[in-house]
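# Chains, contacts and geometry: an overview
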Amino acid sequence: QRFREPPPSSGKLLTPFFHKPRALGFWLVLGDRESDELYALKRLPQSLGSGRQLKAELAFAAPEVAAGRKVELGLWLVADSIRGIDLEASVTLEVHPSEGQPPSKAP
C-alpha cells in the first residue's frame, strides 16, 4: 500500500497533491472582486473544524473612497487542502477618515 491512512482521530486527511496525511487548514481573505484588490490575508490555526468556533481579526487599510461612502467587499474562507468547500460572504463597510488626516477626495 503506497499511502498509509491516518488514524480516524488524528484530524488529518489524505489529499492527492501531498505525499503524506496533513491537517486541514484555512485562509481568511478580504478583497474587492470588481477591482481585484486584496486587502487582507490571514492563515487560520489548523484547530478549526468539527463545529468549533474561531474569532479572527483582520487589520487592513480601508479603500480610498470619499468619507462616509459605503464599500462592499468580499470575505472568503478558503481551504488549503480540499477544493470546493470554500465559503464566501459579502461585507459592507462605511469608510470614515482617521483622526488627524484630511478627508479623501476620491469619488
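Structure: see above.
Residues numbered from 1 in each chain as written. Predicted model: local features only at pLDDT ≥ 70, side-chain atom pairs only at ≥ 80, totals over all residues. Heavy atoms only, no water.

Right, let's get into the pattern of salt bridges. Taken as a whole and assessed by the stated rule, the structure comprises 1 salt bridge. Close ionic contact of Arg33 with Glu88 constitutes a salt bridge, the shortest N to O distance being 3.0 Å. Of the two residues, Arg33 is situated in the loop between strand E3 (26-32) and strand E4 (37-44) and Glu88 in strand E6 (residues 87-94); the sequence distance between them amounts to 55 residues. Under the relative-accessibility criterion, Glu88 is labelled exposed at 52%. (Salt bridge = Lys/Arg side-chain N within 4 Å of Asp/Glu carboxyl O. Helix = DSSP H or I, 4+ residues; strand = E, 2+ residues; numbered from the N terminus. Buried < 20%, exposed > 50% of the residue type's maximum accessible area, 1.4 Å probe, protein only.)

For the rest of this paragraph, the subject is the sheet that holds E6. The 4 strands are arranged E4-E3-E5-E6 in an open sheet whose pairing can be described as antiparallel. Since the sheet does not close on itself, it has two edges, and those belong to E4 and E6, each with one partner. Across the sheet, the mean angle separating the axes of adjacent strands is 20 degrees when strand polarity is ignored. Pairing of strand E5 (residues 70-79) with E6 involves 8 bridges; the strand directions are antiparallel. Counterpart to Lys70 in the pairing with E6 is Glu94. (Pairing = 2+ DSSP bridges. Axes fitted to C-alpha atoms, helices over the stretch in contact; angles between N-to-C directions.)

Along the chain, Arg69 falls in the loop between E4 and E5. Arg69 gets classed as partly exposed once you look at its relative accessible area, which sits at 41%. Spatially, the C-alpha atom of Arg69 lies 8.4 Å from that of Leu93, the residues being 24 residues apart in sequence.

Quick look at unusual backbone geometry now. In this model, Asp36 sits at a positive phi of 55 degrees, which is unusual for a non-glycine residue. Mapped onto the fold, Asp36 is located in the loop between E3 and E4.

So, on to the nonpolar core. Listed in full, the 6 residues of the largest apolar core are Leu30, Ala40, Val65, Val71, Leu73 and Val95. Formed by 5 residues, the second largest nonpolar core is a distinct cluster that contains Leu24, Leu28, Leu44 and Ala79. (Core = buried A, V, L, I, M, F, W, Y, C linked by side-chain atoms within 4.5 Å.)

Right, let's talk about the packing of aromatic side chains for a bit. Within this structure, the stated rule accounts for 1 aromatic pair. With a centroid separation of 6.3 Å and an interplanar angle of 55 degrees, the aromatic rings of Tyr39 and Phe60 are classed as tilted. Separated by 21 residues along the polypeptide, Tyr39 in strand E4 and Phe60 in the loop between E4 and E5 bring together distant segments of the chain. (Phe/Tyr/Trp six-rings, centres within 6.5 Å; stacked < 30°, edge-to-face > 60°.)

On their own, these measurements won't tell you what the molecule is for.
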